[in-house]
Amino acid sequence: MVRDSKFPTRLLLASVGVGAGIGAVISVASSGLAAYFARKIVVPENSPDILDILHIDGFPPNMHIHLPADEETTVPGTYGLYFNQGTGHAVIGDIVEYDPKSRTVSREILSVTRGDIRRATKGRWTGVVYPEPVAADVPFEDIELVSDAGRLPAWFLPTDHPEPKDTWAILVHGRASTRAEGLRAAPILNTLGIPAIAMSYRNDAEVRVEQTSRYGLGDTEWIDVDVAIDHALRHGARNVVLFGWSMGGAIALQTASRGRNKAHVVALVLDAPVVDWFDVLDNQAKKNMLPTPIARLTLEMITRPWARPITGLQTPVDLERMDWVTRAAELDLPVLLIHSDDDEFVPSGPSHALASVRRDLVIMPEYDKAHHTKEWNVDPVQWEDDVANFLEAKILPQR
């Protein structure tokens, strides 16, 4: 497949020499900037509280929160707000009032799941509405998976359906998120009678070794998903469907194509997935206004062995192996691909390309106002209907 619009970084991998060739055209300062961005890509970091909480008024159950109006806080729907460095969490509902003059927005506070939001001055906007399974009102058990990366905390979500299915769901969150991201799928899975595991994986805040953890962008994390599948198979599952959000989509695709349990993976549900890291990194380079030589060197640093001392990666990341637009012919599972066209972090273009060339396997419903991984938040009814219809058509009849 030829894509002439692909950013020149792809050509670099085949044509630009390492070492002296690059050193001749890029200054020491430029090399330092490339190293900075390369490390930003692969080094895990906690998301800070950067959103100002301007004011809280009212009393439960009629409380409102006043926030600066931006492209996130002015989108309709239901969202989460972490505060106090993640120790507090609230569920934020629809817009009550928007003042374009002061650039502020007032929204409902539907519930405070933990902490005292009245004392908070900063927060972090998130799609995570259910920080723990109890908030999603689904049964759960704390479990622990063990891989070569260590002990991985997880939630087992046994369904209370009278006829539980023997196809389980494995919920794989995205980069810099947590296992709570997948809990938005928990209620509909419980309704369908599908047990699930919401897992953590290497480099998560609950798992990582701060000085040495490096994201493999899906090229390594899939090993931990295989361990979750092992657990499911030992406890009654015959098959699994993998759910993946953002980088979790890249992880799910690698698990389904490389894992020792791939024969048990019968479908994928991908939300705002990375199906082509080249496109994502190209987009981020443009957003950060990186000159082309620096963007090229950044890419070299995460994909070539010579840069391991700079990035800290034990093994360079194989972005070609994670390009599922180019590898579309190899796809052999039904896929529900949910991806909003206004996604500001992972552009939806590669998802549309994959859906277009594999119409026999990929279903891609229309979403256009959800930003990144917030399709459920904007329209939970459509999201759950799309998931339920897909699973009932592709998975559940196999029993």
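These figures come from a predicted structure and were not determined experimentally.

Definitions and limits used
- Residues numbered from 1 in each chain as written.
- Predicted model: local features only at pLDDT ≥ 70, side-chain atom pairs only at ≥ 80, totals over all residues.
- Heavy atoms only, no water.
- Salt bridge = Lys/Arg side-chain N within 4 Å of Asp/Glu carboxyl O.
- Buried < 20%, exposed > 50% of the residue type's maximum accessible area, 1.4 Å probe, protein only.
- Core = buried A, V, L, I, M, F, W, Y, C linked by side-chain atoms within 4.5 Å.
- Contact = heavy atoms within 4.5 Å.
- Helix = DSSP H or I, 4+ residues; strand = E, 2+ residues; numbered from the N terminus.
- Pairing = 2+ DSSP bridges.
- Right-handed = clockwise from strand over helix to strand, strands pointing away.
- 1 Å grid on protein atoms, 1.4 Å probe; cavity = no way out; pocket = protein on both sides within 12 Å on 5 of 7 lines; lining within 4 Å.
- Points joined across faces, edges and corners; volume = space filled by probe spheres on them.
- Nonpolar A, V, L, I, M, F, W, Y, C, P; charged D, E, K, R; others polar.
- Phe/Tyr/Trp six-rings, centres within 6.5 Å; stacked < 30°, edge-to-face > 60°.
- Lys NZ or Arg CZ within 6 Å of the ring centre and 35° of its normal.

Peer 1: A description of the pattern of salt bridges should follow, citing residues and the corresponding values.
Peer 2: Once their charged atoms are close, side chains differing in charge can pair, the charge on each being opposite to the other. This structure, assessed with the given rule, holds 20 salt bridges. Arg-119 is the partner of Asp-116 in a salt bridge, and the nearest nitrogen-oxygen pair spans 3.2 Å. The salt bridge involving Lys-369 is made with Asp-368; its shortest N-O contact spans 3.4 Å. Relative accessible area serves as the criterion here: at 35%, Asp-368 is assigned to the partly exposed category. The structure contains a network of salt bridges with shared partners spanning Asp-219, Arg-258, Asp-318 and Arg-321.

Peer 1: Just give me the short version of the nonpolar core, but keep the residues and values in it.
Peer 2: One finds Ile-170, Met-199, Leu-217, Leu-268, Trp-277, Ile-302 and Leu-319 to be the most contacted residues of the largest nonpolar core, which totals 71 residues. If near-sequence neighbours (up to four positions away) are discounted, Leu-217 is found in contact with Ile-41, Met-247, Ala-250, Trp-277, Ile-302, Val-317, Leu-319 and Met-322. Formed by 38 residues, the second largest nonpolar core is a distinct cluster that contains Ile-194, Ala-196, Phe-243 and Ile-395.

Peer 1: So what about the pairing of strand β14 (residues 335–338)? Which residues, and what values?
Peer 2: Going residue by residue along β14, you find Val-335 and Leu-337 tucked away on one face and Leu-336 and Ile-338 tucked away on the opposite face as well. Direction of pairing for strand β13 (residues 265–271) relative to β14: parallel, over a ladder of four bridges. The residue bridging Leu-268 from the neighbouring strand is Val-335, located in β14. For β14 and strand β15 (residues 362–363), the ladder comprises two bridges, and the chain directions are parallel. For Val-335, the partnering residue across the bridge sits in β15 and is Val-362. With helix α11 (residues 349–357) bridging β14 and its parallel neighbour β15, the resulting β-α-β unit is right-handed.

Peer 1: Which residues make up the environment of Leu-145, and what values do they have?
Peer 2: Relative to the helices and strands, Leu-145 resides in strand β8 (residues 141–147). On the accessibility criterion, Leu-145 (2% relative accessible area) is buried.

Peer 1: Summarise empty space enclosed by the protein; cite the residues concerned and give the values.
Peer 2: This model, assessed by the stated rule, comprises two cavities of 30 Å³ or more. Within this model, the largest cavity holds a volume of roughly 40 Å³. Along its surface, the largest cavity is lined by Val-138, Pro-139, Leu-157, Pro-158, Thr-159, Ala-186, Leu-189, Asn-190, Ile-194 and Ala-196. Considering each element in turn, the lining of the largest cavity owes the most residues, three residues, to helix α5 (residues 186–192). Residues that form the lining of the largest cavity fall into these classes: eight nonpolar, two polar and no charged.

Peer 1: Just give me the short version of unusual backbone geometry, but keep the residues and values in it.
Peer 2: For the bond running from Pro-60 to Pro-61, omega is 5 degrees, close enough to zero to count as cis. Along the chain, Pro-61 falls in the loop between β2 (55–59) and β3 (62–68). The backbone of Met-289 shows a phi angle near 55 degrees, a positive value even though the residue is not glycine. Among the structural elements, Met-289 can be located in the loop between α8 (277–287) and α9 (292–303).

Peer 1: I'd love a proper account of the sheet that holds β15, names of residues and values included.
Peer 2: The eight strands lie next to each other as β8-β9-β11-β10-β12-β13-β14-β15, forming an open sheet whose pairing is mixed. Looking at which strands have only one partner, the edges of the open sheet turn out to be β8 and β15.

Peer 1: So what's going on with the environment of Gln-211? Residues and values would help.
Peer 2: Assignment of secondary structure puts Gln-211 in the loop between β11 (196–199) and α6 (222–234). We classify Gln-211 as exposed; its relative accessible area is 67%. Separated by 167 residues in sequence, Gln-211 and Pro-44 place their C-alpha atoms 9.6 Å apart.

Peer 1: So what about the layout of surface pockets? Which residues, and what values?
Peer 2: In this structure, the second largest pocket encloses a volume near 450 Å³. Along its surface, the second largest pocket is lined by 20 residues, and Arg-202, Asn-203, Thr-212, Arg-214 and Gln-314 are the ones closest to its centre. Classifying every residue of the lining of the second largest pocket by side-chain character gives seven nonpolar, eight polar and five charged.

Peer 1: Tell me what's going on with the packing of aromatic side chains, and back it up with residues and numbers.
Peer 2: As enumerated under the stated definition, the model contains five aromatic pairs in all. An angle of 80 degrees between the planes, with centres 5.2 Å apart, marks the rings of Tyr-36 and Phe-37 as edge-to-face. Residue classification places Phe-37 among the buried residues on the basis of a relative accessible area of 18%. Here the aromatic rings of Tyr-130 and Trp-376 are separated by 5.9 Å at their centres, their planes lie at 65 degrees, and the arrangement is edge-to-face. Of the two residues, Tyr-130 sits in the loop between β7 (122–126) and α4 (133–136) while Trp-376 sits in helix α12 (residues 375–378), which places them 246 residues apart along the sequence. Trp-376 matches Tyr-130 in its accessibility class, with the two residues each being buried. Lying over the aromatic face of Phe-59, Arg-118 brings its terminal NZ or CZ to 5.2 Å of the ring centre. A cation over a ring is seen here: Arg-179 above Trp-155, with NZ or CZ 4.1 Å from the ring centre.

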